[in-house]
Amino acid sequence: MGIKQELERFAGQVGFTLAYLDETTSTNDVARDPRYDAGAVVIAERQSRGRGQCGNSWSSSAGANLTFSVVLCPGFLEAAQQFYLSKAVSLAVCDTVESFDVRPQVKWPNDIYIDGRKVAGILIENDLAGNFLSRSVVGIGINVNQTEFDPALPNPTSLAVAAGRKLDRAEVFRLFYEKMSFRYGQLQQQRYAAMDTDYAARLYRLGETHSFVDGRTKVRFEGTICGVLPTGELEVRHRDGQMHRYLFKEIEYTITGIG
Ligand code: BTN
């Protein structure tokens, strides 16, 4: 049975809508269609305009990886707490990676790394109703079986490279869906302390001193990541002892080689 049939069967058993496409522009664009209800998944073998964060593109070898979007309707979640949705998704991807005896880390805010290399990216697009989220399209790209990468990509890897064997993509997706259901349950129950602990335990470079670049001034500085605030801001202590808070794109990691 091919991955399409396997996932259609899984969707039927669990009871969610699945659109399995050979090719599309971006699964996030397709999943915006209101006909996809909470829990629905749009998955594509190939994206012609796969999107990453901040206007970047997402490149993925057709048929080797997983590129999909999950529709969620977190009407219970205040916009001010929306970083907890990002945490839930990052943790679900980490839980999935850990199922293959591989140790993932979250490079703030929500890149998933293995051994200092990026294995998965997450692009969440939220709609708001007043002060609350109403509908979220959670786009996820996981490098599963790709072993050769575009040299223009800074530090890619895949689950297969890390695990040392080719993996069953349908199994990776099923695991993700189960882990995501668990983490979404934590979010619904506002179990933020548990999520914070799990996220901190996987936070890339937590407590380590590294060189960073201020995204606004482009000035390089040394700092130590101390944690992530409920707002999603990264807390970094500078060498003079002062604590600074950064929003995404206000700070750039310097990643030289791996590790
Ligand atoms: C990033 O690392 O910048 C986020 C990458 C997100 C990629 C996924 S692949 C499925 C979904 N569709 C897209 O166009 N992007 C997301």
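Here the structure is shown first, and the text comes after it.
Bear in mind that the values here come from a model prediction, so they are computed numbers and not experimental data.

## Concerning the sheet that holds strand E8 (residues 209-214)
Then comes step 1: Reading across from one edge, E11-E10-E9-E8-E12 is the order of the five strands in this open sheet, with antiparallel pairing throughout. On the outer flanks of this sheet lie strand E11 (243-246) and strand E12 (251-253), each paired with one strand and no other. Strand-to-strand twist in this sheet, taken as the mean axis angle between neighbours without regard to direction, amounts to 50 degrees.
Then comes step 2: As defined by bridge partners, E8 adjoins strand E9 (residues 220-228) across five bridges and the pair is classed as antiparallel. Its bridge partner being in E9, Val213 is matched across the sheet by Arg220.

## Side note on the site of the ligand
Then comes step 1: Lining the immediate environment of the ligand, one finds 20 residues, of which Ser26, Gln47, Arg51, Gln53 and Lys118 sit closest.
Then comes step 2: Between the ligand and Lys118 there is a distance of 2.6 Å, counted from an oxygen atom to a side-chain nitrogen or oxygen.
Then comes step 3: Mapped onto the shell around the ligand, the elements with two or more residues apiece are helix H2 (27-31), strand E3 (66-72), strand E6 (117-129) and strand E7 (132-142).
Then comes step 4: In terms of residue class, the shell around the ligand is built from five nonpolar, twelve polar and three charged.

## Regarding the sheet that holds E6
Then comes step 1: Read from one edge of the open sheet, seven strands run E1-E2-E3-E7-E6-E5-E4, paired in mixed fashion. Of all strands in the sheet, those with a lone pairing partner are strand E1 (18-24) and strand E4 (104-107), marking the two edges. Going across the sheet, the axis of each strand differs from the next one's by a mean of 20 degrees, ignoring polarity.
Then comes step 2: Across four bridges, E4 lies against strand E5 (residues 111-114) in antiparallel orientation. Paired with Pro104 across the two strands is Ile114, which belongs to E5.
Then comes step 3: Relative to the sheet, helix H1 (residues 3-14) contacts E1, strand E2 (41-47) and E3, its axis offset from that of E1 by approximately 155 degrees.
Then comes step 4: In the packing of helix H3 (residues 83-98) onto the sheet, the strands contacted are E3, E4, E5, E6 and E7, and the crossing angle to E6 comes to about 150 degrees.

## Remarks on the side chain of Thr224
Then comes step 1: Considering the arrangement of structural elements, one finds Thr224 in strand E9.
Then comes step 2: What makes Thr224 buried here is its relative accessible area of 11%.
Then comes step 3: Setting aside its immediate chain neighbours within four residues, Thr224 contacts Gly207, Glu208, Thr209, Glu235, Val236 and Arg237.

## Quick notes on the environment of Ile255
Then comes step 1: Position of Ile255 relative to the elements: it lies in the segment after E12.
Then comes step 2: On the accessibility criterion, Ile255 (27% relative accessible area) is partly exposed.
Then comes step 3: Between the C-alpha atoms of Ile255 and Ser211, which are 44 residues apart in sequence, the distance is 8.8 Å.
Then comes step 4: The contact partners of Ile255, leaving out residues within four places of it in the chain, are Lys107, Tyr113, Asn155, Tyr204 and Arg205.

Conventions adopted
Residues numbered from 1 in each chain as written. Predicted model: local features only at pLDDT ≥ 70, side-chain atom pairs only at ≥ 80, totals over all residues. Heavy atoms only, no water. Pairing = 2+ DSSP bridges. Helix = DSSP H or I, 4+ residues; strand = E, 2+ residues; numbered from the N terminus. Axes fitted to C-alpha atoms, helices over the stretch in contact; angles between N-to-C directions. Near = heavy atom within 4 Å. Polar contact = N/O pair within 3.5 Å; in protein donor to acceptor, adjacent residues only side chain to side chain. Nonpolar A, V, L, I, M, F, W, Y, C, P; charged D, E, K, R; others polar. Contact = heavy atoms within 4.5 Å. Buried < 20%, exposed > 50% of the residue type's maximum accessible area, 1.4 Å probe, protein only.

Function-wise, these values are silent; they only describe arrangement.
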